[in-house]
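Coordinate inspection notes
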Amino acid sequence: MREAIRLADESVKNGGGPFGAVIVKDGEIIAGRSNSVTIDNDPTAHAEVNTIREACRKLGTFDLSDCVIYTSCEPCPMCLGAIYWARISRIYYGNTKKDAAAIDFADDFIYKELEHNVNHRSVPFVPLLRDEAIKTFEAWKAKSDKVEY
């Protein structure tokens, strides 16, 4: 956790957001990154996502089920989703989402949006060309040599 906090501190000094994360496997740090949203002009470049990407590259897998993550703050909805998709087995965090909200990093609006029916969300959801798009899903379902994830 101290390394995640150190990465967060370093990020603030370098113009990034105040977040850091490390992924550990068998007691060894595999990857560690900080938030680089403003540095990379990438809204997905949160510390946890950056760290997951680095760990997957280093380990050559998308399955991090034998890893844990230490993050300087309770993960936002996007990062939490990425952590679940990566199958990380445990999350350790420092600051809470309330601590983040107190410095204007509030994620509650996303959680509230998810509770609404897609027809009542603040960003319009518009179905389009499903009859064409579904063919790709059918091809995936029929594929015998697919790598499931």
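Structure's up top.
The text that follows walks through the structure, step by step, so that each part is easy to find. (Residues numbered from 1 in each chain as written. Predicted model: local features only at pLDDT ≥ 70, side-chain atom pairs only at ≥ 80, totals over all residues. Heavy atoms only, no water.)

1. Section: the packing of aromatic side chains
A full pass over the atoms with the stated rule returns four aromatic pairs. Taking the centre distance of 6.1 Å and the plane angle of 70° together, the rings of phenylalanine 62 and tyrosine 149 count as edge-to-face. One end of the pair, phenylalanine 62, is in the loop between helix H3 (47–59) and strand S3 (67–73); the other, tyrosine 149, is in the segment after helix H7 (130–142), and 87 residues separate them in sequence. Take phenylalanine 62: its relative accessible area is 40%, and that puts it in the partly exposed class. Ring plane angle 65° and centroid distance 6.4 Å describe the contact between tryptophan 140 and tyrosine 149, whose orientation is recorded as edge-to-face. Ring-pair connections join several aromatic residues into one group, and the members of that group are Phe62, Trp140 and Tyr149. (Phe/Tyr/Trp six-rings, centres within 6.5 Å; stacked < 30°, edge-to-face > 60°. Helix = DSSP H or I, 4+ residues; strand = E, 2+ residues; numbered from the N terminus. Buried < 20%, exposed > 50% of the residue type's maximum accessible area, 1.4 Å probe, protein only.)

2. Comments concerning the sheet that holds strand S1 (residues 20–25)
Read across the open sheet, the four strands follow the order S2-S1-S3-S4; overall the sheet is mixed. What marks the edges here is a single partner per strand, and that holds for strand S2 (28–34) and strand S4 (90–95). Put simply, the sheet's adjacent strands are angled 15° from each other on average, direction ignored. Sheet topology places S1 next to S2; six bridges connect them, and they run antiparallel. (Pairing = 2+ DSSP bridges. Axes fitted to C-alpha atoms, helices over the stretch in contact; angles between N-to-C directions.)

3. Re the pattern of salt bridges
As a working rule, side chains carrying opposite charge can pair if their charged atoms are close by. One pass over the full model with this rule turns up five salt bridges. Glutamate 54 is the salt-bridge partner of lysine 58, the closest N and O atoms lying 3.0 Å from each other. Of the two residues, lysine 58 and glutamate 54 are both situated in helix H3; the distance of four residues between them amounts to about one turn of the helix. According to the relative accessible area criterion, lysine 58 is exposed, its value standing at 53%. (Salt bridge = Lys/Arg side-chain N within 4 Å of Asp/Glu carboxyl O.)

4. Focus on the packing of H3 against helix H4 (residues 77–85)
Two elements in contact, H3 and H4, have axes separated by 8 Å at closest approach and are oriented at 25°. As far as their axial angle goes, H4 and H3 are roughly parallel. In this structure, H3 meets H4 at a crossing whose hand is left-handed. In this structure, H3 contributes Glu48, Val49 and Ile52 to the contact, and H4 contributes Met78, Cys79, Ala82 and Ile83. For the contact of H3 with H4, the residue count by class is six nonpolar, no polar and one charged. (Parallel < 35°, antiparallel > 145°, perpendicular 65-115°, else oblique. Left-handed = near helix turned anticlockwise from the far one by under 90°. Contact = heavy atoms within 4.5 Å. Nonpolar A, V, L, I, M, F, W, Y, C, P; charged D, E, K, R; others polar.)

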